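# Coordinate analysis (summary)
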Amino acid sequence: MSPRDRLIVGLMLGVPVLADLAFIWFPALSSVALSFTRWNGIGGFDQIKPYGVENYRIAATVDPQFWPAVEHNAVWLLVFVCFATPLGMLFAVVIDRNIQGSRIYQSVLFLPVMLSLALIGIIWELIYSPNYGLINTITGHNQDSNLVNWLGDPHLNLWAVLVEACWRQAGYVMILYLAGLKAVDPSLREAALMDGSNAWQTFFRVVFPVMKPINIVILVVTLIESLRAYDLVYINSHGPVLPGLELLSILVTQNILGEQTRIGYGSSLGVVLLVISLVPISVFLYQTFRREARR
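Heads up: these notes are all about the structure in this document. (Residues numbered from 1 in each chain as written. Predicted model: local features only at pLDDT ≥ 70, side-chain atom pairs only at ≥ 80, totals over all residues. Heavy atoms only, no water.)

## So, the nonpolar core
So the rule is basically this: For this analysis, a nonpolar core means a set of buried residues of the types Ala, Val, Leu, Ile, Met, Phe, Trp, Tyr and Cys, connected via side-chain atoms within 4.5 Å. Throughout, exposure labels follow a simple rule: accessible area from a 1.4 Å probe, protein chains only, divided by the maximum for the residue type, with under 20% read as buried, over 50% as exposed, and the rest as partly exposed. Going along the chain from the N terminus, every DSSP run of H or I of four or more residues is numbered as a helix, and every run of E of two or more is numbered as a strand. Should any heavy atoms of two residues lie within 4.5 Å, those residues are counted as being in contact.
W76, V161 and V233 are the most contacted members of the largest nonpolar core, which totals 23 residues. If you list the elements that add at least two residues to this core, you get α3 (66-96), α5 (117-128), α7 (157-182) and α11 (231-237). Residues in contact with V233, not counting those within four places in the same chain, are W76, V161, L245, L247 and I250. Grouped together as the second largest cluster of nonpolar side chains are 16 residues, M89, Y177, F203 and I218 included.

## Details of empty space enclosed by the protein
Selection criterion: Space inside and on the surface of the protein is sampled on a 1 Å grid over the protein atoms alone, with a cavity defined as a set of points where a 1.4 Å probe fits but cannot get out and a pocket as an open set with protein on both sides within 12 Å along at least 5 of 7 lines; lining residues have an atom within 4 Å of a point. Grid points are joined across faces, edges and corners, and a volume is the space filled by probe spheres set on the points. Three categories are distinguished: nonpolar for Ala, Val, Leu, Ile, Met, Phe, Trp, Tyr, Cys and Pro, charged for Asp, Glu, Lys and Arg, and polar for the others, with Gly belonging to the last.
A full pass over the atoms with the stated rule returns one cavity of 30 Å³ or more. Here the lining of the largest cavity gets three residues from one element, more than from any other, and that element is α7. Of the residues contributing to the lining of the largest cavity, the split by class is seven nonpolar, one polar and four charged.

## A word on the layout of surface pockets
To locate leftover empty space, one rolls a probe as large as a water molecule over the atoms. The calculated volume of the largest pocket comes to roughly 530 Å³. The wall of the largest pocket is formed by 23 residues, among which I24, P27, A28, G270 and L274 lie closest to the centre. Those elements giving two or more residues to the lining of the largest pocket turn out to be α1 (3-34), α10 (212-227), α12 (248-257) and α13 (263-294). Ranked by residue count, the leading element in the lining of the largest pocket is α13, at nine residues. Grouping the constituent residues of the lining of the largest pocket by class yields 16 nonpolar, six polar and one charged. In this model, the second largest pocket occupies a volume close to 400 Å³. Lining of the second largest pocket is provided by 16 residues; of these, Q65, Q254, N255, G258 and E259 occupy positions nearest its centre. It is α12 that contributes the most residues to the lining of the second largest pocket, five residues altogether. Looking at the lining of the second largest pocket residue by residue, the classes come out as six nonpolar, seven polar and three charged.

## What about the pattern of salt bridges?
To keep things clear, this is the line we draw: Whenever a carboxyl oxygen of Asp or Glu lies within 4 Å of a side-chain nitrogen of Lys or Arg, that contact is scored as a salt bridge.
Applying the stated criterion across every chain, the model contains three salt bridges. A salt bridge links K182 to D96; the shortest N-O distance between them is 3.3 Å. Highlighted residues: K182 in helix α7 and D96 in helix α3, separated in sequence by 86 residues. The buried category is assigned to D96, whose relative accessible area is 12%.

## Looking at the packing of aromatic side chains
Within a pair of aromatic rings, the relevant descriptors are the distance that separates the centres and the angle that separates the planes. Stated formally: Ring pairs shown here join Phe, Tyr and Trp side chains whose ring centres sit within 6.5 Å, with only the six-membered ring taken for Trp; geometry is labelled stacked below 30 degrees between planes, edge-to-face above 60, and tilted in between.
Summed over all chains, the structure comprises 10 aromatic pairs. Centroid distance W124 to Y128: 5.4 Å. Interplanar angle 40 degrees. Geometry classified as tilted. Residue W124 and its partner Y128 are both found in helix α5; the two are separated by four residues, about one turn of the helix. Residue class for W124 comes out buried when judged on its relative accessible area of 13%.

Structure (structure tokens):
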């Protein structure tokens with residue numbers, strides 16, 4: 001290669017690598033290091049004091065919001081896996097059969113994915129409004145004597161926000177499964193139908209196992225989406241997290257950027273979130289590299 005070619009290749013490789021190191025690896029490793037310290041963010045780096053594993057002990061035994069946040073993240077994941085993902089798969093299977101108006105249905109179901117999470121939160125705030133919301137108006141619970149506060153009641157608000165999240169997640173999963181269904185060899189379906197299988201048997205016994213790679217991708221995406229859930233809760237809470245809506249991502253932000261800045265403790269919560277996220281990512285990479293090795 002000429003010197004000019006080497007320069008271009010160096011820039012094409014060097015700039016992304018530097019960006020990756022600056023915006024991903026450096027913050028991640030810094031968070032791991034800060035999680036073993038005590039620092040309120042005031043003053044220079046000389047104010048950072050070693051704290052050992054005390055931050056993790058405080059999270060596990062002292063902080064009253066930590067375990068509810070872990071529980072709510074687990075609930076978020078279960079709802080995504082047991083409801084949003086099967087619903088998105090159902091939409092994909094029905095649309096893939098080329099029913100009349102399938103293009104319109106696909107566009108309508110994918111529309112929430114195209115909207116920003118901020119806009120989704122605002123739309124559902126109007127639906128959940130105690131006095132003027134669509135749900136309370138239809139059910140007749142919009143009077144002061146019988147109001148249902150969907151976002152203020154700690155027994156209801158998590159499920160209300162999960163409806164918002166599933167509204168978007170189902171469309172996202174639908175598009176991923178549609179892409180996977182288009183890649184399935186049509187001869188497999190024809191052979192199954194000739195053997196006497198009905199549509200559902202063909203899908204679950206022939207098509208679904210063939211889509212193992214896309215199933216792994218969707219599982220990883222679902223887990224990551226449930227762990228990094230933040231926007232809808234923050235918008236519906238209007239700032240400070242409401243009781244019933246505690247999530248790990250909310251606690252990380254609240255401790256690092258909140259009124260009582262605790263950089264070390266917030267970093268330890270971020271490390272907990274990172275470790276949990278690494279599990280599905282490692283499984284995905286293992287499956288991908290093993291499949292490439294077999295080829």
